[in-house]
Structures are given as structure tokens and as C-alpha cells.
Protein chains: 2
Amino acid sequence: MELPSRIQNAIDSFSRIPGVGSKTAMRQILQMCSWDDRDIQEFGNTISELTSLVRCRLCGFYSEEELCSVCSNTKRMSNGVICIVESISDCLAIEKSETFNGAYHILGGVMNPLMGIGPDELGIDKLVKRIAENFNSVILAINPSVEGDATCSYIKDHIPDEINVDRIGFGIPMGGSLEYVDALTISKALENRKKM
Amino acid sequence: MELPSRIQNAIDSFSRIPGVGSKTAMRQILQMCSWDDRDIQEFGNTISELTSLVRCRLCGFYSEEELCSVCSNTKRMSNGVICIVESISDCLAIEKSETFNGAYHILGGVMNPLMGIGPDELGIDKLVKRIAENFNSVILAINPSVEGDATCSYIKDHIPDEINVDRIGFGIPMGGSLEYVDALTISKALENRKKM
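Residues numbered from 1 in each chain as written. Chains lettered and ligands numbered in written order. Predicted model: local features only at pLDDT ≥ 70, side-chain atom pairs only at ≥ 80, totals over all residues. Heavy atoms only, no water.

**Student:** Tell me about the domain arrangement of chain A, residues and numbers included.
**Tutor:** In terms of domain boundaries, chain A breaks down into domain 1 (5-52) and domain 2 (76-191). One C-alpha centre belongs to domain 1 of chain A, the other to domain 2 of chain A; they are set 35 Å apart. (Domains from an automatic or database assignment.)

**Student:** Could you give an account of the interface of chain A and chain B, with specific residues and numbers?
**Tutor:** A common way to report how large an interface is uses the accessible area buried once the components associate. Each partner contributes residues to the interface: chain A has 54 residues there, and chain B has 54 residues. Interface of chain A and chain B: buried area, both sides summed, is about 5,200 Å²; carbon and sulfur atoms make up 66% of it. In this structure, the salt-bridge partner of B:Arg6 is A:Glu64, at a minimum N-O distance of 3.7 Å. Between the two partners, chain A and chain B, sit 9 residue pairs in polar contact (both at pLDDT 80 or more). The set of elements that each furnish at least two residues to the side of chain A that touches chain B consists of helix H1 (5-15), helix H2 (22-33), helix H3 (37-48), strand S2 (62-63) and helix H5 (88-97) of chain A. By residue number, the principal contributor to the side of chain A that touches chain B is H3(A), which donates 10 residues. Looking at the side of chain A that touches chain B, its residues break down into 30 nonpolar, 16 polar and 8 charged. (Contact = heavy atoms within 4.5 Å. Buried area = accessible area lost by both parts, 1.4 Å probe. Salt bridge = Lys/Arg side-chain N within 4 Å of Asp/Glu carboxyl O. Polar contact = N/O pair within 3.5 Å; in protein donor to acceptor, adjacent residues only side chain to side chain. Helix = DSSP H or I, 4+ residues; strand = E, 2+ residues; numbered from the N terminus. Nonpolar A, V, L, I, M, F, W, Y, C, P; charged D, E, K, R; others polar.)

**Student:** Please give an account of the nonpolar core that cites residues and values.
**Tutor:** Residues A:Phe14 and B:Phe14 are the most contacted members of the largest nonpolar core, which totals 91 residues. Those residues in contact with B:Phe14, other than ones at most four positions away along the chain, are A:Phe14, A:Ile17, A:Phe43, A:Ile47, B:Val20, B:Ala25, B:Gln28, B:Ile29 and B:Met32. Within the second largest apolar cluster, 21 residues are counted, among which are A:Ile82, A:Leu122, A:Ile124 and A:Ile142. (Core = buried A, V, L, I, M, F, W, Y, C linked by side-chain atoms within 4.5 Å. Buried < 20%, exposed > 50% of the residue type's maximum accessible area, 1.4 Å probe, protein only.)

**Student:** Give me the relation of the copies chain A and chain B: which residues, what numbers.
**Tutor:** You can overlay chain A on chain B at an RMSD of 0.0 Å; the transform is a turn of 180 degrees with a shift of 0.0 Å along its axis. Read as a symmetry element, the transformation amounts to a two-fold axis. In terms of C-alpha distance to the rotation axis, chain A has A:Gly44 as its closest residue, with the C-alpha 2.2 Å off the axis. Counting the interface residues of chain A, we find that 100% of their copies in chain B are interface residues as well, pointing to one common contact surface. (Least-squares fit on C-alpha atoms with pLDDT ≥ 70 in both.)

**Student:** So what's going on with the packing of H1(A) against helix H3 (residues 37-48) of chain B? Residues and values would help.
**Tutor:** The contact between H1(A) and H3(B) brings their axes to 8 Å, and the two run at 140 degrees. Taken together, the axes of H1(A) and H3(B) lie oblique to each other. Like other packed secondary-structure pairs, H1(A) and H3(B) cross with a definite hand, here left-handed. Between H1(A) and H3(B), the residues in contact are A:Asn9, A:Ala10, A:Ser13 and A:Phe14 and B:Phe43, B:Thr46 and B:Ile47, respectively. Taken together, the residues that form the contact of H1(A) with H3(B) break down as 4 nonpolar, 3 polar and no charged. (Axes fitted to C-alpha atoms, helices over the stretch in contact; angles between N-to-C directions. Parallel < 35°, antiparallel > 145°, perpendicular 65-115°, else oblique. Left-handed = near helix turned anticlockwise from the far one by under 90°.)

**Student:** So what about the pairing of strand S5 (residues 137-141) of chain A? Which residues, and what values?
**Tutor:** Residue and element names in this part refer to chain A. With respect to burial, S5 is a largely interior element, 4 of its 5 residues being buried. Sheet topology note: the strand S3 (residues 81-85)/S5 ladder contains 5 bridges and is parallel. Looking at the pairing, Ile 82 lines up with Val 138 of S5. Pairing analysis gives 4 bridges linking S5 to strand S6 (residues 164-167), with the strands arranged parallel. Bridge pairing links Leu 140 to Arg 167 in S6. Read from S5 through helix H8 (residues 146-158) to S6, the crossover connection turns out right-handed. (Pairing = 2+ DSSP bridges. Right-handed = clockwise from strand over helix to strand, strands pointing away.)

This is the structure in C-alpha cells:
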């Protein structure tokens, strides 16, 4: 007993999403099959419309126009602070905290020589030029990992000395419990202790 | 900093799938945004093609034609055995075990008076007629639950007495461990013990 090819094709498409296995894909597609035709059509259309997305010329965020809403916001751009993140999701996470009011730059990854990702692939020379011309303070909001640390060092080394470079703080997450946090995080939290 | 509306729409569509939250949807859609345009288009098309699916006139399985591959297989249909399942996924699970060679009937749910699902909604009179005319043995492969048990009893009561009605066996799952199995399953396993 085989599923009609249309359903099987949809399941195959779905399983190509990272993190979706064939069982999940089947369950979800069979669920969708019972939706109204109009809803399915709409779903398919919203996906198809994701083609030829434009990225902001300056920061690399997805945008409908040449510049994204942050890069075209003169108030935020004149703040003198730029936050460098790995990915668009990281950028959205920071925006959600509503505590940063400067510019962004999305690297699109971190340096990883084994994967052939070096400074050229991430466009770090262009970024350094952008920083030197427009900002006096840099926040490196790059995730902690061997590659992330190396990327931060590389960027720091290439930015003119008169520009202040910070890396986001590491420590115990809010709501976290010392009991369950790993040893490295605890050592970072002790190192980053702050006078009350 | 907002995502372009096209991306936001796709995320909203995605979160409508049962079991997909807004965070998962965002992560997956942002992943998809980096795919080739052709792949995205293909994905969207496979979804859009899920409209106006036809169900097999006899068993209720999705089918491209009037009858599904099982119902049009005279060898399987003449076996005299019909297996009644709740959903298409249950049916596929049984097919995967390659141990059943008869006909199927997909109920599309179980009786649930609180949700307004009674014998009429499940088409049980049509099923009983189908069984009486074509089969001499029924396997009720309906999941164990209060509603499932009630549905099984109802079907059993309405099937002519000369037709043999079985329910699938309950017990310890293969690879399972008595230590971790719940008490009800253990009591069922003891009840369903079998002479070696």
C-alpha cells in the first residue's frame, strides 16, 4: 500500500528541512492533507515566495529593499555602535531583548578552516572597512566556540586600535542554576564577576 | 528590525502545522531561505499539489484513482480478512510490518461523544455493510484508549455473529523492558500470556 506520489513528494520535500526526519515529515504532511484546499494552497504559495530574497547591502539582513529597517534608520546608525552576529536568528534574538540600539552586521557564519570558511568568505575586510568609517564601538555577539573565539580574535586584530571592541558577557544564564550549569560556564561566570 | 513580510508569512504558515512552534518555524524557514531558488520553488509546489486529494471509495486511504492499490488488488480483497484502523498513518505502520495481507478500512478517528463524533460521523453502518458482504474475519487494530475500546465494542456489537472479530494483541513491546513499562501494560501482558 503506497501513498500517492503527490503525498510522497511532499514528504520527501519536508524531510529535506534540517531537523525533520521522515517520520515527522509523514505525520505532518498527513495532517496537512486534511486541511482545506485553500489553506494548503496558501501554505505552498508562502513557501514559493521565499525565492530571490534580497539582503541588506550593508548588514546582510533579509530585506525587501536595498537597506534593511535598521540600516536605513539614521538614529540607530549614528549611534556609533555596531553589533556583529553570526546569523540572522542571532540578530533577531538580540532585537527581541530590546536592549541594543545600534547597527548590526551579520557575518553569516564563523571562520572554519576545515570547512574552507576563511576571512574572505565572511567578507571581514569589507566589515573592517565599514567599522573604521562609521563606528567607534564594536560588540562581538558571536557564540562561544573554538571557531567563534578565533573569529573574534581575528576581527579584533584587524580593527584599528582606537575603536573599542567588546565581546558579549558569558556566565550563568538568567533562571539558570549553578547545580546544572557546566564547569566551563561556571569558570567564565567567576572570571566575569562584577562588583555589586 | 523586522523580517520581510514574505519570510514572516512563511513562518506563520509553518507554525500552523501541529507540533511546530514559532521558534522551530523561524529556524526552519530561515534555513530554507538559504536554499537555491529552484529547491524552494519545488518545495512550495509539492505542498500546493496536496490539494483535492481523492480517497479510496472503499477503504478511505488516499489514492490517485477511485480505488487504492489494496482495494484494487483482488488477491488481497479475496482473502476474507479486513483490518480496521483509526488513521492512514496506522495503516501505513501495519503495512510496514509486512505481516498483513488482507483489506483495510480507515475509520478516520474513534467515537468521542464529547467531540460530537458518533457512529454516523465514522460511517460505521457503511463499514458493517461492507464487512457483512465481503469478509469473514475482522481485525480491530484500533489504539487502546477509552474511546478506542468503546469504538471496538460498538463495531463488534454491530457485526453479524458468524463473522470472527479479533482485536490486536496488547503486551510488552518488542525490545521493551518490564522495568520501564507501565502497570496497565504489564497487566495486559500477563492476561495475554501464551503457552510456549
